Amino acid sequence: MYKLIADSGSTKTDWVLLKGKQVVKTVNTIGFNPYFQSKDQISLEIVNSLKPYLLEYQHAITELHYYGAGCSTFDNCTMLENVLTINLNVPRIFVQHDLLAAARALCKKSEGIACILGTGSNSCLYNGKTILENVPSAGYLWGDHGSGAQIGKTLVAYYFDGKLSSDLKYEFESEGYNREEILNNVYKKNMPSKYLASLSRFISKHTAHPQIQEILESCFDSFFKMQINHYSNSKKHKVNIVGSIGYVYRDQLTKAAKQNGYEIGLVIKSPIEGLIDYHSS
């Protein structure tokens, strides 16, 4: 009996085929988010980038556990379930929010606060089985506090408002960033949040710069104030983090946590290893 596990963010999807506790196959595709992509777009990627690698196992896969960004509503989950059923024909398909993936990967069967800090952000209070409380994320325009999208958006705001120091502005423009390039990517191309989060590549090279420190600390401070502070008895829990942004900027995140009275617990780059343990046990 084979199980297929998928962890899908807005940027990439990790697919793992399990037989008992053995990892048989791993595949990577682009990320899916039903708020930004149509049924046809998702189907095309599955057919071209996933299905060829599963052909020899396809009739033996009995379960698919899909955790995805944007799978927070019945309609979005149903859409993903239909797409997966049509293209993969797995008998039992479970489509759930990527926040539950984070909670299961970080906390396993223990109580705690689990957070996602990647392209977007989200968080929850988890009791070891289910999500008890969640401060809903409003996406990159109004929320996603502490995310790559918010950090990138803040850097762009500094640039457009003329607040970047001359040395940082020179480095930024030397890497090809300018007003037209940014506006074109944000307003004319798909998935602007992904583009904004990609600016983290520039930010990560300049973390010693005072203005970059200011941007990071401001964004992470808003994450604790607007997200974590709202959970019941939040200060008694360690804050566990999954995602590339939390992983890369752990030092700045830890500083913001301490300033807000929190302690950082487990920090991992991707939930997939934790999900393998969870689903193979």
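What counts, and at which threshold
Residues numbered from 1 in each chain as written. Predicted model: local features only at pLDDT ≥ 70, side-chain atom pairs only at ≥ 80, totals over all residues. Heavy atoms only, no water. Pairing = 2+ DSSP bridges. Helix = DSSP H or I, 4+ residues; strand = E, 2+ residues; numbered from the N terminus. Axes fitted to C-alpha atoms, helices over the stretch in contact; angles between N-to-C directions. Contact = heavy atoms within 4.5 Å. Phe/Tyr/Trp six-rings, centres within 6.5 Å; stacked < 30°, edge-to-face > 60°. Buried < 20%, exposed > 50% of the residue type's maximum accessible area, 1.4 Å probe, protein only. Lys NZ or Arg CZ within 6 Å of the ring centre and 35° of its normal. Parallel < 35°, antiparallel > 145°, perpendicular 65-115°, else oblique. Left-handed = near helix turned anticlockwise from the far one by under 90°. Nonpolar A, V, L, I, M, F, W, Y, C, P; charged D, E, K, R; others polar. Expected span 1.5 Å × (residues − 1). Core = buried A, V, L, I, M, F, W, Y, C linked by side-chain atoms within 4.5 Å. Arc of directions from axis to C-beta. Polar contact = N/O pair within 3.5 Å; in protein donor to acceptor, adjacent residues only side chain to side chain.

So, about the sheet that holds strand β2 (residues 12-19). The mixed open sheet is built from five strands, whose spatial order is β3-β2-β1-β4-β5. In this open sheet, the two strands that pair with only one neighbour each are β3 (22-30) and β5 (92-97). Direction aside, the axes of adjacent strands within the sheet are offset by 15 degrees on average. In this structure, β2 lies alongside β3, joined through eight bridges in antiparallel fashion. Note on β3: the bridge partner recorded for Lys19 is Gln22. Sitting on the sheet, helix α1 (residues 39-54) touches β1 (2-8), β2 and β3, and the angle it makes with β3 is about 165 degrees. Each of β1, β2, β4 (61-68) and β5 touches helix α2 (residues 74-88); the most contacted strand, β5, lies at about 145 degrees to it.

Tallying each qualifying case throughout the model produces nine aromatic pairs. A ring pair is formed by Tyr159 and Phe172, whose centres lie 5.1 Å apart and whose planes are at 65 degrees; its orientation type is edge-to-face. Note that Tyr159 is positioned in helix α5 (residues 148-160) and Phe172 in helix α6 (residues 166-174), a separation of 13 residues in sequence. For the pair shown, Tyr159 and Phe172 are each scored as buried. Ring centres 5.6 Å apart and planes at 20 degrees place the aromatic pair Phe224 and Tyr262 in the stacked group. Of this pair, Phe224 sits in helix α10 (residues 210-226) while Tyr262 sits in the loop between α12 (250-259) and β10 (264-268), placing them 38 residues apart in sequence. A relative accessible area of 0% places Phe224 in the buried class. Taken together, the aromatic side chains of Tyr159, Phe160, Phe172, Tyr177 and Phe202 make up a single cluster linked through ring pairs. When the ring centre of Tyr158 is taken as origin, the NZ or CZ atom of Lys163, which lies over that ring, is 4.3 Å away. Between the NZ or CZ atom of Lys235 and the centre of the ring of Tyr262, over which it lies, the distance is 5.1 Å.

Next up on the list: the sheet that holds strand β6 (residues 112-117). Read from one edge of the open sheet, five strands run β8-β7-β6-β9-β10, paired in mixed fashion. Of all the strands in the sheet, just β8 (131-133) and β10 have a single pairing partner and so form its edges. Here the strands of the sheet are splayed against their neighbours by 35 degrees on average, with no regard to which way each runs. Sheet topology note: the strand β7 (residues 121-126)/β8 ladder contains two bridges and is antiparallel. Across the sheet, residue Tyr126 finds its bridge partner in β8, namely Ile131.

On to the packing of α5 against helix α7 (residues 179-187). Close contact between α5 and α7 brings their axes to 12 Å; oriented N to C, the two are set at 140 degrees. Taken as axis vectors, α5 and α7 run oblique relative to one another. Between α5 and α7 lies a crossing whose hand is left-handed. In this structure, α5 uses Val156, Tyr159 and Phe160 to contact α7, whose residues at the interface are Arg179, Ile182 and Leu183. Grouping the amino acids of the contact of α5 with α7 by side-chain chemistry returns five nonpolar, no polar and one charged.

This brings us to α10. Here α10 contains 17 residues, and its C-alpha end-to-end distance of 24 Å stays within 8% of the 24 Å for a straight helix at 1.5 Å per residue. Those residues of α10 lying buried are Gln211, Ile212, Ile215, Leu216, Glu217, Cys219, Phe220, Ser222, Phe223 and Phe224.

This next bit is on the nonpolar core. Counting residues in hydrophobic clusters, the biggest one holds 40 residues, and the most contacted among them are Leu155, Phe172, Phe220, Phe224, Ile228 and Val239. Excluding residues that lie within four positions of it along the chain, Phe220 makes contacts with Leu117, Gly146, Ile151, Ile245, Tyr249, Gln252, Leu253 and Ala256. With 25 residues, the next largest nonpolar core counts Tyr2, Ala6, Tyr66 and Leu84 among its residues.

Here the focus is α7. Within α7, the full set of buried residues consists of Ile182, Asn185 and Val186. The buried residues of α7 all sit within an arc of 95 degrees when viewed along its axis, so they share a single face. Among the exposed residues of α7, those oriented more than 90 degrees off its buried face are Glu180 and Tyr187. Where the residues of α7 are buried, they touch α5, α6 and α8 (192-198). Sitting at the amino-terminal end of α7 is Asn178, which places a side-chain oxygen 3.1 Å from the backbone nitrogen of Glu180.

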